[in-house]
Amino acid sequence: MISLFYTLSIRIYAAIITAASVFSPKAKAWVVGRRHWKSKLKKNISTLDAKPFWFHCASYGEYLQALPLIKALHKKYASPIVVSFFSPSGFQNYKTIPEICSVFYLPIDSKQNAKTLYSILKPCMFIGVKYDIWPNLQSELKRNDVPQILIAAQFRQNQMYFKPWGKFFRQALTSFNPIFTQYPSGKETLDNNQIQSILVGDPRFDQALENKNTAYQNEKIEAFLDAKKAIVFGSAWKDEVDIAQVIASTHPDQKIIIAPHEVEKNHLNSLLADFDVKFTFLSNFNPNSNVLIVDSVGDLRYLYRYGLIAIVAGGLTGKLHNIIEPLAYGLPVCIGNQHSKFPEAEYAIQCGAVLEGENIQAIANNVTMLLNSKAEIERMSANAKHCVSEKSGATDNVLKHPIFDATLHSTTP
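Okay, so let's go over this structure.

Definitions and limits used
- Residues numbered from 1 in each chain as written.
- Predicted model: local features only at pLDDT ≥ 70, side-chain atom pairs only at ≥ 80, totals over all residues.
- Heavy atoms only, no water.
- Helix = DSSP H or I, 4+ residues; strand = E, 2+ residues; numbered from the N terminus.
- Expected span 1.5 Å × (residues − 1).
- Buried < 20%, exposed > 50% of the residue type's maximum accessible area, 1.4 Å probe, protein only.
- Contact = heavy atoms within 4.5 Å.
- Patch = residues over 30% accessible without salt bridge, like charges linked within 9 Å, V, L, I, M, F, W, Y side chains within 5 Å.
- Areas by Shrake-Rupley, 256 points an atom, 1.4 Å probe, with all protein chains shown as cover.
- Salt bridge = Lys/Arg side-chain N within 4 Å of Asp/Glu carboxyl O.
- Axes fitted to C-alpha atoms, helices over the stretch in contact; angles between N-to-C directions.
- Parallel < 35°, antiparallel > 145°, perpendicular 65-115°, else oblique.
- Left-handed = near helix turned anticlockwise from the far one by under 90°.
- Nonpolar A, V, L, I, M, F, W, Y, C, P; charged D, E, K, R; others polar.
- Pairing = 2+ DSSP bridges.
- Phe/Tyr/Trp six-rings, centres within 6.5 Å; stacked < 30°, edge-to-face > 60°.
- Lys NZ or Arg CZ within 6 Å of the ring centre and 35° of its normal.

### Digging into helix H12 (residues 238-250)
A rise of 1.5 Å per residue sets the reference length of H12, with its 13 residues, at 18 Å; its end C-alpha atoms lie 19 Å apart and thus fit the reference within 8%. The set of residues buried in H12 consists of Glu-240, Val-241, Ile-243, Ala-244, Gln-245, Ile-247 and Ala-248. Against strand S8 (230-236), strand S9 (255-260), helix H13 (265-271), strand S11 (291-293), strand S12 (307-312) and helix H17 (360-371) lie the buried residues of H12.

### Things to note about a nonpolar patch on the surface
Nonpolar side chains collect at one region of the surface, where Leu-8, Ile-12 and Ile-16 lie side by side and expose about 290 Å² of accessible area between them. Inspection of the secondary structure assignment puts Leu-8 in helix H1 (residues 2-20). Note on Leu-8: relative accessible area 47%, which makes it partly exposed.

### A short note on the packing of helix H3 (residues 37-44) against helix H6 (residues 111-121)
In contact at an axis separation of 10 Å, H3 and H6 are set at 15° when each is read in the N-to-C sense. Taken together, the axes of H3 and H6 lie roughly parallel to each other. In this structure, H3 meets H6 at a crossing whose hand is right-handed. Note on element contacts: H6 touches H3 through Asn-113, Thr-116, Leu-117, Ile-120 and Leu-121, opposite Trp-37, Lys-38, Leu-41 and Lys-42. A per-class count over the contact of H3 with H6 returns five nonpolar, two polar and two charged.

### Here's the deal with the sheet that holds strand S2 (residues 81-85)
If you trace the seven strands from one edge of the open sheet to the other, you get S3-S2-S1-S4-S5-S6-S7, paired in parallel fashion. Only two strands of the sheet have a single neighbouring strand rather than two, namely strand S3 (102-105) and strand S7 (198-199).

### Notes on the sheet that holds strand S13 (residues 333-336)
Spatial ordering of the open sheet is given by S10-S11-S9-S8-S12-S13-S14, a layout of seven strands whose pairing is parallel. Edge positions in the sheet fall to strand S10 (280-281) and strand S14 (354-357), since each of these pairs with one other strand and no more. Two strands pair when backbone bridges link them, and S10 and S11 are joined in this way by two bridges, in the parallel orientation. Bridge assignment links Thr-280 to a residue of S11, and that residue is Leu-292. Contacts from H12 reach S8, S9, S11 and S12, with the element oriented near 165° to S8.

### As for the packing of aromatic side chains
We describe a pair of aromatic rings using the distance from one ring centre to the other and the angle between the two ring planes. Across all of its chains, the model carries 25 aromatic pairs by this definition. On the basis of an interplanar angle of 80° and a centroid distance of 5.6 Å, the ring pair of Tyr-63 and Tyr-94 is categorised as edge-to-face. With Tyr-63 in helix H4 (residues 60-77) and Tyr-94 in the loop between helix H5 (88-93) and S3, this pair connects stretches of sequence that are 31 residues apart. Each member of the pair, Tyr-63 as well as Tyr-94, is classed as buried. The interplanar angle of 85° and the centroid separation of 5.5 Å between the aromatic rings of Phe-279 and Phe-281 together place this pair among those described as edge-to-face. In this structure Phe-281 comes out as partly exposed when scored by relative accessible area, which is 25%. An aromatic cluster of at least three residues, connected via ring pairs, comprises Tyr-13, Trp-30, Phe-86 and Trp-134. The side chain of Arg-34 reaches across the aromatic face of Trp-30, ending 3.9 Å from its centre. Positioned above the aromatic ring of Tyr-347 is the side chain of Lys-391, whose terminal nitrogen or guanidinium carbon lies 4.8 Å from the ring centre.

Quick look at the structure:
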């Protein structure tokens, strides 16, 4: 019964997205990207000479979590790798890399689509990221004895898998063996529900260190900064723009870089409608401003190298974005205090690398305190670098598991 309800619900979801595609660019991308997916996928993998590792990432954030393992697997085994995305934010922002031979949108999770996907790909292994789980797909892969693992996993007891009515989804979760968890709290949740897991850490720390060590230069930003350091707003929403306005008003000479979470033109117009401080867009650069709006996607993880302090979005709404990226550069980070779903925030606060505030003014006050204390910035910077270094190594912890050697040996002719 639950299986039928699930299948019906995902078809209704697809119908709603299709209807929304008339007026929503994101929904339109979701729909258009899935058109003719079978023929496109067959064509893209037609030249593969071995069974691929198949990574599935819900969106761009999950892809960045998977990226260290993607690169490490390719380097160690030289096996083909394919990646599927559910959200346009992943598919559209993905940049071609030599380790990945095909990228595609995951079709809706019907039993027939699951069978078709398996018949086309015949993967040597399926690697899910975090908790994006599709029961029909997991069942089909299990029926065909495809090893399934889950990386960067983090679970909470209040998620649907662990509800009294969640047996159907919990069963899909048990298709993964092993499950590699990020933090002790996630492993404890799985242990309490009799699901085996291995605590290895958060691969975002490895990716953040790689970002930091990647050569990057942006002449426009360097011209804007004029050898100064900026306050960098990462993945900004309206709250963060309001914080930026307070800081720009009280510290008019301070350089500020705002990287909005979404950069579609209409969204930016709405986001900045009440922002009454002079600013310039990166795409239409005017150096005669102290506020720069980065109206492109994909560069934020490198822009923190130009920062003095970072404000990471989502902490006032319970949807905190990536704080690990700025920490890797040694930036003190300021966030809102609604971060109970993000154990990395609690860890970084305990390390003395992150300050939290209960509202816009409180966060702005924390920034002002830091701007007035070079010693405090230096102390938090050292703490940030230490906490990232201490948590690195999750990718190696995953890669040394014997399942990879066993899988490759079993698929070798």
